[in-house]
Each structure stands twice: as C-alpha cells, then as structure tokens.
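# Architecture at a glance
Given next are the chains, with one letter for each unit.
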Amino acid sequence: MAQSDNANSTRRPKATEERLDQIRREAAATGGVPVASGGAGHAAPPVALPGKTDAAGSYYNLPVLKEPTWTWEVPLYFFLGGVAGVSSCIALAAQFFSGDPALIRAALWMALAGAAICPILLIADLGRPSRFLNMLRVFKIQSPMSVGAWTLVAFSGCAFLAVLGNELVLRGFSSPLLVAMLWTGEISAAATGLILASYTGVLVGATAIPVWSENRKLLPPHFLTSGLGSAAGILELVGFLTSATQILGLISAGIETLIGGSIELRRRNVDIPLHYGKSGWFMRIAGTLEGPVALLLRIIWHSYPIGRYAAAACFIAGAVASRFAWIWAGRVSARDPHALFQLQTGKANSSRPA
Amino acid sequence: MAENHPVAFQWVMEAREKGAQVIHVDPRFTRTSAVANIWTPVRAGSDILLLGALVNYVLTTESDFREYIVHYTNAPVILREDFKDTEDLDGIFSGWDPEKKAYDPQTWIYEGVHSNIGDVPGSDKGPDGGHATHGVNAATDLNDYHVDPTLQHSRCVYQVLRRHYVRYTPEMVEKYCGVSKDAFLHLAKAYCEASGPDKTGAICYAVGWTQHSSGVQIIRTAAILQLLLGNIGRPGGGVMALRGHASIQGSTDIPTLFDILPGYLNMPKLGPASASLDKYIEVNKPETGWWNNFDKYIVSLLKAYYGDAATPQNEFGFHWLPRITGDHSHQGYLLEMMDGKMEGLFVMGQNPAVAGPNSGIERRALGKLKWLVVREMVESETAAFWYDSPEVHRGELLPEEIGTEVFLMPAAGHAEKEGTFTNTERLLQWREKAVDPPDDVRSENWFIYHLSRRLKEKAARDARSRNSGLRALTMDYPLEGKHQEPNAEAILQEINGWTVADRKLVSGFPALKADGSTACGCWIYSGVFPNPGENRANQRAPKDSYAHGWGFAWPSDRRIIYNRASARPDGKPWSERKKLVWWDDADKKWTGLDVPDFTATKAPDYKPPKGAKGDAALAGDKPFILHADGMGWIWVPVGLADGPLPAHYEPFESPVRNPMYPRTQSNPVALKKEREGTEYAASPDERFPFVLTTYRITEHHTAGGMSRTLSHLAELQPELFCEISVELAAKLGIQPGEWVTVATPRGEIEAHALVTPRIQALSIGGKIVHQVGLPFHWGYSGLVKGDIANDLVAISEEPNVRIMEAKGLLCNVKRGRRSPDDKIKDMRDSRMENRA
Amino acid sequence: MSLTAFLTDTTLCIGCKACEVACKEWNEVPDDGMIWSGLSYDNTKSLGSSTWRHVMFLEQPLAAGPQAVDTKDPFRWLFLSDVCKHCANAGCLEACPTGSIVRTEFGSVFVQPDVCNGCGYCVVSCPFGVVDKRPDDGRAFKCTFCYDRQRAGLVPACAKACPTESIRFGKLDELRERARNRVGELRHRGFKDANIYDPTESSVGGVHAFFVILGQPEAYNFPPAPEVPTIHLKSAWTSALVSAIILFAAVCAAFAFSAVR
C-alpha cells in the first residue's frame with residue numbers, strides 16, 4: 001500500500017523487491033525457479049478433465065475454503081487447556097467434599113501448570129508471536145477466540161490465586177482473607193476452567209469448515225469429557241488411584257464410547273473426513289483409545305494399578321490424538337467443495353449408501 | 001484481439017454491447033472467440049480460400065456496394081487481353097518465368113496503359129516486392145485506363161474477379177478450411193448485412209495472416225472484400241493491422257526495414273536505376289497521384305540527413321545512401337551470418353535467439369560473428385546464447401569455441417526515456433520521461449547519437465572518401481542532463497521538417513520542396529510539430545469522437561485515411577449515420593468530422609484536364625490519392641511480386657495438396673531458403689501429420705524478455721504448453737498436463753499438453769486433420785523458462801515483405817519429454833575429455 | 001460517506017488478468033508461485049494471502065446465450081475475476097480476536113496489517129475461502145478494497161485496470177440496480193442462465209463485491225448459500241453450557257460418592 005508502511009512492516013523490506021532478488025538468486029544458482037513438484041517439470045498431471053469445469057459442478061474440484069493454518073501447538077493447547085480447566089473443577093469439587101488435600105493440591109497445580117504452558121503454545125502458533133498482546137486489545141463476545149483469550153487470562157489469574165492460597169494455607173497461614181482468596185480462586189478457576197475446557201469446541205464448531213460446524217453441538221461435550229478423563233488420568237498416573245478418579249475415568253470413557261459410537265453411525269457427506277482416509281482412521285483410533293479401550297481396561301482391570309495406569313494412559317493418548325484428529329479432519333473437510341455445496345443445497349443430511 | 005490487444009478490445013466490447021456483431025475466425029477458440037457473437041475455426045493456412053469464398057459470396061449474391069465500387073475502385077477498369085488468370089494456367093498468372101522464378105507483370109497492367117517496367121535500363125523486370133512498391137512509377141500513364149461502368153465487359157476487373165473466385169465456394173470452404181457450410185453462410189450473411197450505405201464492417205487481423213508464404217495476398221483478399229462492400233475510408237470500416245509491438249507501426253514509418261527509407265520511400269538498389277538522383281526519382285515518382293511529390297520527400301529527407309553538406313550540386317548527398325545489393329532482410333542476413341559472412345551485429349530491442357524463424361539456426365549463426373552488441377533491459381537469450389543456449393547444453397556448441405565477443409549494453413525502459421510511440425492507428429503519442437535511467441542504462445537516442453558522434457569523430461580524422469557520408473551526417477541536437485541525452489523534441493522537430501534557411505518549422509508535407517530549401521525527416525509525420533512548443537504528439541485534449549486533439553495521426557491528423565470515400569461521388573455523405581467528410585458547396589471545400597484526406601478545395605465533380613500531373617490528375621471522385629490512378633485497388637496493377645489477385649496456395653508445409661490448383665502447390669514466388677539444418681516436410685508428410693500454428697497469449701509479450709522476467713507476469717503463465725484437441729489426446733493417449741514432444745524437420749521441443757475442446761479436429765480433404773498450437777514466448781532466460789517454439793519454424797520468405805511462415809507448419813507430437821539435456825551433457829563432457 | 005461496491009460481470013470479462021497484476025503492483029503483493037496448473041489458462045487457482053484478484057476460466061459444454069460457435073457440441077469459455085466478497089456480515093471480521101479486521105467507512109472489510117498477529121481464526125471463518133495467512137510473513141492478508149486509493153478519491157486498482165469494465169466500482173445501491181438491469185438485459189438477449197451472485201438471503205446478508213454470472217454459483221466455486229459462522233454460536237455455546245453443568249455435577253457426584261465410601 002502506498003500510504004501505509006505497515007503493509008510490509010519495517011521488520012522486512014518491501015516484499016516484492018526482496019522476493020524478486022531472491023528469485024533471481026535461486027534462478028541463477030539452480031538454473032530455474034522451483035515449481036510444484038521440484039525441478040523443471042511436473043510429476044503429477046493436473047486434476048481437471050478437459051471440456052468440463054467439473055461433472056458435479058465445482059471449479060475443477062478445487063477447494064472452496066481455506067484449510068486451518070494451525071500447527072501442532074493448537075491441538076496440544078486444546079488438550080492441555082481442557083486438562084487444566086477440568087483440573088480446577090476437580091480441585092473445587094474435592095475441596096467441597098473434603099477430599100484428599102494432596103489430590104486437591106495436585107489438581108490445583110495441574111491447573112496452574114496448564115495455565116502457564118497454554119499461553120506459550122498459543123503464542124508460538126501465532127504468525128506474529130511478538131504481537132500476542134493484541135489478543136487483549138478488544139473483547140468480542142461473538143468471537144470464541146476472543147472469549148478464549150480473555151478466559152485464559154482470567155483462568156491463569158484465578159488458578160494462581162488458588163494455588164497461592166492453597167500453598168499458604170497448607171503452610172499454616174489460615175487467615176480468613178487467605179481462605180477467602182483460596183475459595184474465590186478455586187471457584188472462579190473452576191468457572192473459568194469450565195469455559196476454558198469447553199470453549200475450544202465452540203471455537204472449532206463456529207467456523208465455516210463443514211465437518212466442524214456440522215458437529216458443533218458434539219464438540220464442546222466431547223472436549224469437556226476428554227479433558228475430564230485426561231485430568232483424572234494424569235492424577236492416577238501420579239499416584240492418586242482413588243475411587244473418585246476411577247469413577248471419573250469410567251464416566252469419561254463411557255461418554256467417549258457413546259460419542260465415538262454416534263460419530264461412527266453418522267453417515268452424512270460432511271462427516272466423510274471422520275470415517276474415510278487417513279484422517280478417518282486416525283479419528284477412529286483416537287476414539288477407540290478414549291472410548292471402548294479405556295472403558296474395558298477400567299472395567300476388567302480395575303483392581304490392578306497397572307490396569308488403571310493403562311486405562312489412564314490409553315485415554316490420555318486418545319484424548320491428545322483426538323484433538324489432532326479433529327484438526328486434520330478440518331483440513332480434509334476444507335478441501336472438499338462438494339460436501340460444502342451439498343450441505344448448502346440441503347443434501348448433507350441425506351443418507352449415503354453405507 | 002482480446003488476447004493481444006486487450007485494452008483496445010474494450011472498444012470492440014463496447015460496440016458489441018451496442019449491437020455490433022463480432023465475428024471471430026481463428027484456428028483456436030481464444031479469449032476473443034469467447035466473447036464474439038460468431039466463431040468459426042479455420043485450418044491454419046487456408047485463409048485465402050475462406051476469404052475468397054466470401055468475395056465469391058458477395059459477387060454471386062450481388063451484395064457489393066455498387067455505386068462505391070464503380071466510382072472509387074478499379075472494378076470497372078478493363079484489363080489487357082493477354083492477361084491470363086490462375087484459372088487459365090492452373091495456379092499461375094501470365095508472365096511467369098520459371099527460370100527466374102519470378103513474374104514479369106507487364107500483362108497485369110490496365111489495358112491502354114504503357115508499362116515502364118523494363119524501360120529503365122538495368123531495372124529488373126518487375127518489382128522485387130518490398131514495403132513501398134505501390135508508388136513506383138511502373139507506368140507513366142496508369143491514369144489512362146479504360147472503364148466499363150456497367151461492369152459487364154468481360155475483361156473488366158469485376159468480371160475477371162468473378163471468374164477468378166468462382167470456384168471458391170462454401171463447399172470448398174467446408175471441405176478444406178474446416179468451416180461448416182452453414183457456419184460459413186451464416187458468417188457471410190452477417191458480414192454482408194453489416195455493410196452498405198448505413199453500416200460498415202471492419203476487419204482486424206494480425207500475424208495469423210501475415211506470417212504466411214502468401215501473407216500479403218491474404219490481407220489483399222480482405223482488402224478486396226472491404227472494397228467490394230464499400231468499407232474503406234468510412235467510419236467503422238477498414239482493414240486494421242493489429243501490430244505485435246507497441247511501436248512497430250513507427251518502426252515501419254521511420255523504418256527499421258532494410259528496403260525503405262522514412263515515409264515509405266524506396267531504399268535505392270545498386271544499379272543503373274540508382275545511378276543518379278534523377279534516375280532514382282524517375283523510377284519512383286509516378287506522374288499522377290500524390291506520390292508525384294516523391295522528389296520533394298526524398299530531397300527533404302536528404303537535407304535532414306546531410307544538412308548543409310547536401311547541395312543541388314552533389315545531388316543532395318544521394319550517393320551517400322546505402323544501396324541494396326541482395327536480400328538484407330532478417331532471413332537474408334541470418335543465412336549470411338550462418339555462412340560466416342558477417343562480422344558484427346547490433347541487436348536492439350529484439351531477441352532473434354527466441355523470436356527468429358528457426359531460432360536454432362539463429363543461435364548458431366550468432367556464434368559465427370566476430371562481435372555482437374545487444375541492447376536490452378535484461379540479459380536476453382540472444383545475449384546469453386554463448387553459454388546458455390540449448391546447443392551449448394547439448395554439447396553441440398562449446399562456449400570455448402564460440403569466437404563472438406558479446407557486448408550487453410543496458411537499455412532504458414519506456415518510462416526512462418522520452419519520445420513517441422506510433423501505434424496501429426497511425427497515432428503518434430508522446431511519452432514523457434518519468435525517471436532518469438540508473439547507472440549505465442541509456443536510451444536508444446543516446447546510444448545511437450553518441451555512437452554516431454564517435455564514428456563521426458573518427459571519420460573526421462580519416463580523409464578517405466568512403467567516410468564522406470559519415471562526415472556529412474548531421475547530428476546536431478541539443479544535449480541535456482548529466483548523460484548528455486539528445487533532446488527528443490529536437491529530433492521530432494527535424495522529423496516534422498523546417499525550411500532550411502531560417503529553420504522555421506513547416507506546417508505539413510504540402511510545404512516540402514524538391515529544391516533543397518526544406519528538410520524533413522519523415523514526410524508522413526510532417527505536421528506533428530508545426531510550431532515551436534506545439535508538440536501535437538503530446539496533446540491530450542480530445543475534442544470530438546475521433547479524438548482530434550489527442551496525439552497526432554499521420555498523415556496530417558487524418559484519423560481515417562481515404563475518407564473521401566465516406567461521401568458519395570457528388571460529395572454528400574452516403575448516409576447521415578455514417579457521415580464523416582463531405583463537400584461544403586457554400587465554402588467550396590471539404591469539411592466534416594475528420595480532416596479530409598483529400599485536397600480540400602477539389603470539387604467532387606472535378607475532372608482533370610489532359611496532361612495534368614500529380615494530385616491534379618485525379619478526379620474529384622477518386623479517394624485513393626496515393627495510387628497513381630486514385631482508385632481503390634481491387635486489382636493490383638503494379639507493385640506485388642506474386643500476383644494482381646490473391647489465389648489460394650497451400651503453405652509450404654501442408655496436410656493436403658492444393659485443391660484449387662493441383663499443379664501449383666504453394667506460392668511459386670515465395671522463397672523456401674531450404675538448406676541443411678532447415679529442411680521442410682513434404683506436403684503431406686507421414687512423419688509430420690499434424691498442422692502446427694504458433695501464436696501469442698495475453699500474459700506474455702513477444703519473446704518473453706519483458707514478461708518472463710517479471711514475477712507478477714511470469715506466475716500467470718509459468719510454463720510452455722501446447723494446445724491439442726480432445727480427439728488428438730485420445731488418439732495419442734496423452735493425459736492432460738503431461739509432457740509431450742513436438743517435432744518438425746527443424747527440431748523438437750517439449751511442452752505440457754493442454755488438452756482442450758478449444759482446438760477442434762477438422763475434416764480436411766476428406767480426412768481428419770489435427771491442429772496443434774504453441775505459444776512462442778518461452779526461452780532459457782528469465783524467471784520462468786521453457787523450450788523455444790520458433791526452433792520448429794522454417795526460414796522462409798514471403799515474396800513481397802519477406803516474412804516467415806510461422807503460422808502454418810506440419811509437426812508430429814509424441815508423449816514424453818525430449819532427450820534430456822544432461823544425457824547429451826555426458827556426451828559433451830566426454831568430448832571435452834577427449835580433447836584434453 | 002456512501003458505501004462502495006464491486007460489480008464483476010462475466011459477460012464483459014476477456015480473461016486478460018490485468019486486474020490480478022494491477023492489484024499486485026499497487027499493493028506490493030508478492031508472487032504466488034510459478035506453478036503451471038493445466039486448468040485452462042488459470043494458473044492462479046484461487047484467492048489467497050498473495051492473490052487478491054483471481055481470474056477463473058471455465059470451459060463448459062454449454063452455449064453462451066445466442067453465441068454461434070462452429071463446433072460439434074455446444075461450447076463456451078467463461079471468465080470471471082473473483083475477489084473478497086466484503087460481506088455485509090463478515091465471518092472474518094466477527095471472528096478476529098484482536099480487532100484487526102474492521103469495517104471501513106466505505107463498507108469494506110479491512111485487515112489492519114499493523115494489528116494482525118496471525119492467529120489464523122479468520123482463515124477458517126470465511127465462508128468463501130478468501131483470507132489466508134501468508135507463510136513467510138505470518139499475518140493474514142486479503143483484498144483491501146484499495147482502502148488507501150478510496151480514501152484518496154481514486155478507484156481501486158483492479159477496476160481502474162480492467163479494460164472492458166467487467167469490474168465496475170461505484171456506489172453499492174447503484175451497482176446493485178445495475179446488476180439487476182444487466183441480468184434482465186442479458187436474459188432478454190438470450191443468456192437465459194444469467195444470474196446475480198449476491199447472497200442477500202443468507203446470514204451473510206449480501207456482499208459488497210457481487211457478480212453477474214452465467215450458470216450456477218458452484219461452477220465458480222461460489223457457495224450457493226454461504227453462512228456467517230456466528231450463526232453457529234448459539235447452539236454451540238448452549239451445548240457447552242449444558243455439558244459444563246453436567247460435567248461439574250458429575251465431578252461433584254464422583255467426589256461425593258467417594259467421600260461417602
């Protein structure tokens with residue numbers, strides 16, 4: 001842009017000239033400008049058949065939508081945010097029902113650890129990490145990402161208060177103010193934690209990506225449940241093999257089994273990425289680990305620590321994988337123009353042949 | 001036109017939106033076809049057949065504009081009895097000399113007219129063709145023709161035309177052009193309905209017509225059609241050449257062509273005809289018509305060249321002008337180069353290593369020079385031939401063995417220099433300089449001026465008479481700025497012309513004299529700078545729908561030439577709707593919406609007295625003032641090397657034998673220049689069964705130097721592709737996008753296959769003929785590279801203007817890439833080892 | 001300040017790509033890769049972070065209205081210059097958490113390059129697949145509607161360069177009316193499948209860059225019923241709220257149960 005020097009910020013010189021020189025250097029060094037499949041020439045012929053734009057009516061089968069640009073930090077954040085958020089609920093509930101102080105402490109520290117790591121992941125994923133504070137320029141309730149950014153900040157604060165309060169109380173400082181801070185911290189951490197653990201489902205669901213938006217009612221409960229089982233599982237893995245964690249593990253695995261089963265039974269065109277291809281299989285593996293495998297391990301092997309460790313580990317593995325699987329499915333879904341068109345012309349919900 | 005002149009095409013779109021019919025005929029379905037009202041394919045090379053059939057249609061349906069052709073064209077003129085047509089002689093005209101492979105055009109001239117040709121001792125019988133032969137004084141009395149205004153006389157042009165084209169029928173078009181009969185008739189009807197007193201139609205063409213061995217005759221057929229329909233000299237009519245370069249019109253006006261001088265004056269040929277200025281003028285100055293002023297123009301030009309050194313005593317320096325001694329055209333000197341007969345070459349704003357015919361020969365030939373100067377904005381393929389050409393990569397040439405010293409001089413871009421462009425409408429538009437060129441970059445003016453200055457300085461110290469011309473050349477322009485740039489307006493003023501005594505600018509070419517009192521660098525441009533400070537090329541205030549006030553159209557700012565034809569013989573417009581110029585009986589002069597291309601005071605009913613000369617010899621109803629007879633030439637009595645009427649000949653490489661004249665396959669006068677390394681296919685040829693045509697696309701410009709070096713253009717079309725039909729792809733098993741090799745006898749190149757229904761398989765002569773299309777923009781320099789399409793083209797010469805036939809060739813197509821360069825690189829390396 | 005718009009008309013487009021180049025030249029947009037696609041004459045393929053005008057080339061076995069082509073089967077070649085739709089209800093704008101994407105006084109949707117931190121949420125929120133992150137820069141880019149040119153009283157670069165006025169720039173309501181008239185006129189001339197693409201009925205609420213097309217939107221990769229993703233918020237948040245309540249209850253129950261035992 002002629003007027004603004006911000007279009008290509010002072011961090012880099014003008015994109016065009018620099019790029020041109022780079023191309024010239026490349027061309028001089030290699031004798032050519034690299035093309036798609038490398039070297040002079042293409043391995044793969046293009047997609048289009050001559051004479052038709054596309055039999056089913058798209059533009060050369062090219063994608064309509066843009067794929068998500070998020071890298072591994074984002075699904076990992078989804079997972080850790082879920083764990084952290086639910087951990088604070090666990091801490092609150094345990095506190096409420098006079099549970100094991102060690103467990104409460106562990107849960108609070110999990111919440112805080114998550115609150116510490118999550119922003120790092122998010123900032124790393126940004127295209128311009130140095131501008132992360134711009135997330136707090138405005139608050140937009142209609143943007144789940146804005147809600148999430150502020151929630152993360154609030155949660156971090158509350159988790160910190162809760163941990164601080166708890167540590168001080170554990171060391172004997174039990175002034176009413178401190179106890180009030182502890183309870184305030186725990187309650188607000190739990191409240192914001194629930195948002196933190198579920199909003200990511202809304203974030204993913206309220207987009208233009210068909211497989212996401214058509215499963216938007218499923219995603220929040222799935223992410224919550226997944227976070228619950230993971231938080232409980234982590235507590236088990238560090239030694240809290242209690243009946244509470246077992247119950248939470250069973251509930252989580254059970255709900256995940258139901259969720260996985262309902263996904264498996266959906267036969268809409270928009271759900272193709274969930275069933276077919278590499279993304280489909282990955283989704284299935286993730287769901288199986290989180291669902292029936294973890295459930296069976298818990299039921300059958302409940303009385304052995306190794307069984308619980310295995311169930312916890314499987315669930316956690318499945319939960320992590322599931323986040324990645326949903327992002328992957330989103331990419332596949334973005335690439336499919338036909339699913340999008342059919343959805344919009346009302347055919348998405350009609351059954352496909354199985 | 002939409003492909004290559006998209007900005008100009010906006011006017012076609014506007015016309016279409018107002019109801020004009022846009023008819024497109026092309027071997028391919030292009031971006032023009034996409035928005036046309038009518039499209040037909042045409043087999044590349046069968047254009048005269050198609051156009052001739054249109055002429056035949058006009059004649060058989062009597063759709064000609066009768067009053068127009070009777071008065072304004074030579075349709076009623078009676079021809080000689082000894083003229084024999086191609087119909088009589090199976091494809092040749094009378095006067096053919098099989099040994100000389102040339103025509104003696106005596107029998108082509110009008111009956112009763114005495115031909116000059118052969119009278120001037122030493123002049124060849126018949127012109128050699130050339131870019132400026134319509135003005136030659138081939139007949140002292142071309143104006144003494146006889147007419148039959150009823151057009152019934154069996155030897156009048158109209159009847160000869162009828163007989164000549166009678167076999168050019170819609171059936172023949174269907175059978176040999178690939179246009180269905182229905183489509184042809186639909187097209188013909190539409191076009192005829194768009195002509196007449198109230199309507200006009202324009203024909204626009206480009207190198208799809210010119211780059212053929214009968215290129216000039218193809219355009220002639222269109223001209224005949226337009227004359228028959230009364231479309232010349234009228235608004236919305238005409239035959240428009242869409243030129244392939246922003247100022248290529250300018251480069252024929254002030255020519256870079258070897259056989260003409262500025263203003264379409266003939267370059268003298270070595271021989272008695274140019275032994276003296278008087279002899280030269282005698283040959284070139286007709287008695288009648290506007291070219292009778294020829295001597296004024298040549299003398300004024302010589303005064304511009306040589307200034308005070310040009311005097312009546314030394315024939316104004318006429319002997320200093322170079323003389324043509326042979327074929328100095330591009331193909332001509334290319335072959336001389338190849339044979340090692342040339343020492344040096346200046347290549348300015350051209351890229352023959354990519355754009356020349358048979359560009360493989362071009363690159364080899366460059367290696368035979370002692371020195372090569374390339375002036376370019378980028379390191380073009382021509383400048384890089386010695387280390388980067390395919391021949392070097394294949395090991396056929398070694399840089400160590402190429403003795404050419406290459407000087408690459410950086411050239412200024414169009415925004416870094418000032419001057420004019422002359423576009424296809426004959427419009428001179430001045431360009432301001434926006435920035436100074438950086439570093440060593442210089443404009444052409446600077447380069448030529450300072451090179452000349454240094455040569456003049458050397459010549460001043462060397463008293464030999466051979467340098468006298470160099471010493472005499474005037475180069476006195478004011479120099480400006482840190483680069484000492486010659487002032488471009490001063491050059492334009494010299495082109496405009498002035499009276500020598502007081503250096504007063506002339507108002508136009510009527511003021512030029514033959515006695516040495518005026519100087520003028522280019523008579524057709526005269527009037528562009530009539531007063532100090534009045535640079536009409538730089539005017540930007542259009543005041544009417546013909547844009548007078550914006551730029552300067554030569555001649556004399558006439559926007560439509562021959563516009564006398566837009567009025568009836570009595571001087572009133574043909575119609576209110578199509579009025580352009582008309583006779584004002586009150587003021588006794590021609591007036592109207594355009595500058596009249598006619599002597600302003602010559603009444604419509606003016607009859608020339610006997611013995612009148614020049615323009616005064618032309619009647620008041622003869623608009624074509626540059627012709628000695630003032631008429632539009634349906635029949636060309638003088639000036640063309642290959643016939644007074646166009647006849648269908650097949651291209652040199654054709655899939656069929658000539659259906660019209662079985663004994664004359666291709667243009668008998670065109671030159672094949674065949675030799676080792678540039679062989680031709682047979683017609684037809686089993687080895688090369690497909691028709692190949694080359695062309696341009698919007699995204700790239702000519703040889704790619706100005707487009708493949710810019711990322712924003714290069715990315716639009718990064719790789720060479722060849723367009724083939726769905727049927728051909730199926731026949732050869734070619735998948736869309738995969739590599740194919742296209743081969744002709746000259747070489748082979750590789751391209752991606754773009755399989756598309758826009759290329760049709762045509763039924764020609766009862767068999768399926770496939771056409772293959774190649775854009776010619778790629779080369780081995782730049783951001784994006786590709787094989788060079790013109791490696792496949794043969795070196796040929798159309799007989800009049802010597803253009804090569806790049807539009808109708810034969811080829812073969814195979815799946816897969818050509819032999820990889822590195823395989824051959826191994827061969828080269830082992831050769832190097834053996835030499836060590 | 002009146003709202004401005006683009007009307008892009010396929011029946012006037014000659015596929016010259018001047019719009020693509022003018023946009024890149026003015027806005028200093030880098031090249032998008034030297035990749036031959038083989039898809040007719042379209043090597044650009046789609047809009048993206050470094051392509052803000054994209055000319056499409058459709059080779060179809062259909063007739064273009066009354067056009068007479070001498071082919072065995074019906075055939076037409078259509079061109080259309082795609083651009084950011086500048087939606088009345090813009091998914092990217094609603095989604096942007098930094099407030100980088102704003103509505104200008106001209107009604108266009110503008111990404112402020114000095115605010116954008118490249119979170120990528122706009123990318124998945126655009127129902128037309130327009131905005132994208134530029135990999136070597138990190139920020140999101142799309143057509144600016146030549147905001148700088150409009151502020152200076154100039155016409156956007158693409159509209160300025162378009163030789164046939166296939167791209168028209170002007171006032172929103174005037175161009176909408178022109179589009180309606182144009183489609184009526186085209187149908188009258190025999191282009192029976194002339195349509196306007198301006199999804200006013202959907203939640204997007206109409207766009208400020210609309211099109212006259214021949215045939216169906218899908219052939220141009222235009223979504224037939226695009227939605228602004230904010231319409232999904234209510235159901236998604238409701239689901240989140242209900243699940244959160246149930247989860248909390250379940251967690252409490254788990255601890256209550258184990259406290260009892």
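This one's a predicted model, so the numbers in the text were calculated from it and none came from an experiment. Within each chain, residues carry numbers counting from 1 in the order of the written sequence. Chains carry letters and ligands carry numbers; both start at the beginning, A for chains and 1 for ligands, and go up in the order they are written. For a predicted model such as this one, the threshold for reporting local features is a pLDDT of at least 70, and the threshold for listing and counting side-chain atom pairs is 80 or more; totals across whole chains, interfaces and linings nevertheless cover every residue. Only hydrogens and water are set aside; all other atoms, that is, all heavy atoms of the structure, feed into the side-chain values.

To continue, consider the interface of chain B and chain C. Any two residues whose heavy atoms approach within 4.5 Å are treated as being in contact. At the junction of the two partners, chain B supplies 53 residues and chain C supplies 40 residues. Defined in terms of a 1.4 Å probe, buried area is the accessible area two parts forfeit on being brought together, summed over both. For the pair chain B and chain C, the summed buried area comes to about 3500 Å², and 58% of that belongs to carbon and sulfur atoms. Salt bridge, as applied in this entry: a Lys or Arg side-chain nitrogen positioned within 4 Å of an Asp or Glu carboxyl oxygen. Connecting chain B to chain C are six salt bridges. Arginine 758 of chain B serves as the salt-bridge partner of glutamate 59 of chain C, at 3.0 Å between the closest nitrogen and oxygen. Here a polar contact is recorded for every N or O atom pair within 3.5 Å, except that within protein the pair must consist of a potential hydrogen donor and a potential acceptor, and residues adjacent in sequence are included only if both atoms are side-chain atoms. Linking chain B with chain C are 22 residue pairs in polar contact (both at pLDDT 80 or more), by the criterion used here.

This brings us to the packing of helix H10 (residues 277-300) of chain A against helix H11 (residues 305-334) of chain A. All names here are of chain A. To obtain an axis, a line is fitted to C-alpha atoms, over the contacting stretch when the element is a helix, and the angle between two such axes runs from 0 to 180 degrees between their N-to-C directions. Strands are runs of DSSP state E lasting at least 2 residues, helices are runs of H or I lasting at least 4, and numbering of each runs from the N terminus. For the pair H10 and H11, interaxial distance at closest approach is 7 Å and the crossing angle is 160 degrees. In terms of orientation, H10 lies roughly antiparallel with respect to H11. Seen along the crossing, H10 lies across H11 with a hand that is left-handed. Within the contact of H10 with H11, the residues separate by chemical class into 21 nonpolar, four polar and four charged. We call two directions roughly parallel when the angle between them is under 35 degrees, roughly antiparallel when it is over 145, roughly perpendicular when it lies between 65 and 115, and oblique otherwise. The handedness criterion is simple: a crossing whose near helix is rotated anticlockwise from the far helix by less than a right angle is left-handed, and one whose near helix is rotated clockwise is right-handed. Gly counts as polar in this scheme, as do all residues outside two lists: the nonpolar Ala, Val, Leu, Ile, Met, Phe, Trp, Tyr, Cys and Pro, and the charged Asp, Glu, Lys and Arg.

Residue and element names in this part refer to chain C. These domain boundaries are the output of an automatic or database domain assignment. Partitioning chain C into domains gives domain 1 (4-227) and domain 2 (228-261). For domain 1 versus domain 2, the separation of C-alpha centres amounts to 43 Å. Facing nine residues of domain 1, the contacting portion of domain 2 comprises four residues. With both chains or domains summed, domain 1 and domain 2 bury close to 450 Å², and 76% of this area falls on carbon and sulfur atoms. Three residues, Glu94, Ser203 and Glu227, lead the burial of domain 1 against domain 2; their summed loss comes to 68% of the area buried on that side. The interface formed by domain 1 and domain 2 contains zero salt bridges. At the junction of domain 1 with domain 2, the criterion picks out one residue pair in polar contact (both at pLDDT 80 or more). Here the side of domain 1 that touches domain 2 is built from residues that sort into three nonpolar, four polar and two charged.

Between the rings of Phe, Tyr and Trp (Trp by its six-membered ring), a pair exists once the centres lie within 6.5 Å; its type follows the angle of the planes, with under 30 degrees stacked, over 60 edge-to-face, and the other angles tilted. Within the structure shown, the criterion is met by 62 aromatic pairs over all chains. Summarising the aromatic geometry, the rings of phenylalanine 96 of chain A and tryptophan 183 of chain A are spaced 6.5 Å apart at their centres and angled 80 degrees between planes, so their arrangement reads as edge-to-face. Residue phenylalanine 96 of chain A is found in helix H2 (residues 73-96), and its partner tryptophan 183 of chain A is found in helix H5 (residues 176-205); the two are separated by 87 residues along the sequence. Its relative accessible area of 58% is what places phenylalanine 96 of chain A among the exposed residues. Note on tryptophan 183 of chain A: relative accessible area 28%, which makes it partly exposed. Ring pairs connect the aromatic residues Tyr280, Trp290, Trp291, Phe294, Tyr297, Phe318, Phe509 and Trp523 of chain B, which therefore count as one cluster. One residue, arginine 442 of chain B, lies across the ring of tryptophan 446 of chain B, its end atom 5.0 Å from the ring centre. Three exposure classes are used, based on accessible area relative to the maximum for each residue type with a 1.4 Å probe and protein chains only: buried under 20%, partly exposed in between, and exposed over 50%. Any Lys NZ or Arg CZ found within 6 Å of a ring centre and within 35 degrees of that ring's normal is scored as a charge over the ring.

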